[in-house]
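Structural description and commentary
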Amino acid sequence: MTADDAAFIEVDGVEKVFTVRRRAGWVRRERREVRAVDGISFRVPRGEMVGYIGPNGAGKSTTIKMLTGILVPSGGRLRVAGIDPAADRTRLARRMGVVFGQRTTLWWDLPLRDSYALVRRMYRIPDDRFRVNLERCVELLDLAELLEVPVRQLSLGQRMRGDIAAALLHDPEVLYLDEPTIGLDVISKAKVREFLREVNAEQGTTVLLTTHDLTDIEQLCRRVMVIDHGRVMYDGGLEGLHAVGESERTLVVDLERELPPITGIPGARTVRVEGPRQWLAFPATASAAPLVSAVAAAYPLVDLSVREPDIEDVIAKMYAERAG
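Residues numbered from 1 in each chain as written. Predicted model: local features only at pLDDT ≥ 70, side-chain atom pairs only at ≥ 80, totals over all residues. Heavy atoms only, no water.

Moving on to the nonpolar core. Core analysis: the largest hydrophobic core is formed by 47 residues, its most contacted members being Leu112, Tyr116, Leu143, Leu169, Phe195, Ile217 and Leu241. Ranked by residues supplied to this core, first place goes to helix H6 (residues 156-168) with 6 residues. For Leu112, the residues in contact, after removing those within four places along its chain, are Leu106, Leu143, Leu146, Leu147, Val149, Val151, Leu154 and Gly162. Within the second largest apolar cluster, 27 residues are counted, among which are Ile9, Ala58, Leu71 and Leu92. (Core = buried A, V, L, I, M, F, W, Y, C linked by side-chain atoms within 4.5 Å. Buried < 20%, exposed > 50% of the residue type's maximum accessible area, 1.4 Å probe, protein only. Helix = DSSP H or I, 4+ residues; strand = E, 2+ residues; numbered from the N terminus. Contact = heavy atoms within 4.5 Å.)

Listed below in structure tokens is the structure:
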């Protein structure tokens, strides 16, 4: 079997160009082309979970909309499970699930339970299979107390969990997740991540995940693609991305009292001090555990946290490295 035969998602030189009109005076309007996706190519094997990341406006959501058949490419070739999404969107819809973080697929005035019943009828899910899938989603995503609540009364985080469940009730072969943990608290994020790991491991669901939360990527994906200005800038492991971008994590330390900047901690440097709180930068590829131990041994530590690098910063450093 060749690499192409094994690919579940195939993207070859795909482009998407939008025509934008803007006012240029009292009457005249100018037309210009915006290239949202600019000749991207990649393969995703069946069962792989891939992070698809980049800054706002990079072309991530546009790519997903083309993969689902919502948008038609301006050029290039797309195949998902051997199907052209734009040409046969209805057939592909039965094999995929989609979650857009900023837009719900649930019915606004209906309780979650009724929305799920409509999903069952739309996808013609057998009763037994629907019951098993719904019970599993309700348990793992902590939805039991929300089933009778109208969607319009749910918080953003609750709705996101509800949308993820709806996208998986028909056992899709591929799942597209656009910012699936937006608005979720720490506990809910952990539940969603664990749920997605189980779905991927047990059912072999192919997952393409876009997010600004690098912790999502670190805990779920072995492979990450970075897209910016409609082009794939990086395709590989997350450690390789941090190495290319020379990114840093931040250890935020709260001390018992105000002290001079922390020094003498191997692999870290103090970049900011505000009263008893200090910020220490260290390489994103390094473990935080030795730094925490060293700080705790030498300073009166009250609390600490680790902040992940912002993806925009990683990409900015990638550009700076290339320019240099």
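Next comes the rest of the account.
Before going further, it helps to examine the packing of aromatic side chains. Taken as a whole and assessed by the stated rule, the structure comprises 1 aromatic pair. Ring centres 5.8 Å apart and planes at 50° place the aromatic pair Phe42 and Tyr52 in the tilted group. Of this pair, Phe42 sits in strand E2 (residues 29-45) while Tyr52 sits in strand E3 (residues 49-53), and the two are 10 residues apart along the sequence. With respect to burial, Phe42 and Tyr52 carry one shared label: buried. Sitting over the ring of Phe130, Arg120 keeps its end group 5.8 Å from the ring centre. (Phe/Tyr/Trp six-rings, centres within 6.5 Å; stacked < 30°, edge-to-face > 60°. Lys NZ or Arg CZ within 6 Å of the ring centre and 35° of its normal.)

With that settled, consider the layout of surface pockets. A probe matching the size of a water molecule, rolled over the atoms, marks out where space remains unfilled. What the largest pocket holds in volume is close to 440 Å³. Forming the boundary of the largest pocket are 17 residues, of which Ser61, Lys65, Phe100, Gln102 and Asp178 lie nearest the centre. Sort the elements by how many residues they give to the lining of the largest pocket and helix H2 (residues 60-68) lands first, with 4 residues. Among the residues making up the lining of the largest pocket, the classes are represented as 4 nonpolar, 8 polar and 5 charged. Of the volumes computed, that of the second largest pocket is approximately 380 Å³. Elements represented by at least two residues in the lining of the second largest pocket include exactly helix H3 (89-93), strand E5 (96-100), helix H4 (112-123) and H6. Counting residues per element, the lining of the second largest pocket draws most heavily on E5, which supplies 4 residues. (1 Å grid on protein atoms, 1.4 Å probe; cavity = no way out; pocket = protein on both sides within 12 Å on 5 of 7 lines; lining within 4 Å. Points joined across faces, edges and corners; volume = space filled by probe spheres on them. Nonpolar A, V, L, I, M, F, W, Y, C, P; charged D, E, K, R; others polar.)

Moving on, we get to the environment of Gly236. Tracing the sequence through the fold places Gly236 in strand E9 (residues 231-236). Considering only alpha carbons, one finds Gly236 and Arg222, 14 residues apart in sequence, at a separation of 8.2 Å. When residues no more than four places from it in sequence are discounted, the contact partners of Gly236 are Arg222, Arg223 and Val224.

In the structure shown here, the tally under the stated rule is 1 cavity of 30 Å³ or more. Here the largest cavity is characterised by a volume of approximately 60 Å³. What lines the largest cavity is Asn133, Arg136, Cys137, Leu168, Asp171, Phe195, Val199 and Gln203. At the level of elements, helix H5 (127-140) and helix H7 (186-203) are the ones that each hand at least two residues to the lining of the largest cavity. Of the residues in the lining of the largest cavity, the class split is 4 nonpolar, 2 polar and 2 charged.

Spatial ordering of the open sheet is given by E2-E1-E4, a layout of 3 strands whose pairing is antiparallel. Each edge of the open sheet is held by one strand with a lone partner, namely E2 and strand E4 (75-80). Pairwise comparison of adjacent strand axes, ignoring direction, gives a mean angle of 30° for this sheet. The pairing of strand E1 (residues 7-23) with E4 spans 5 bridges and is antiparallel. What sits directly across from Asp12, in E4, is Arg77. Sheet contacts for H2: E1, E2 and E4; angle to E1, the most-contacted strand, approximately 120°. (Pairing = 2+ DSSP bridges. Axes fitted to C-alpha atoms, helices over the stretch in contact; angles between N-to-C directions.)

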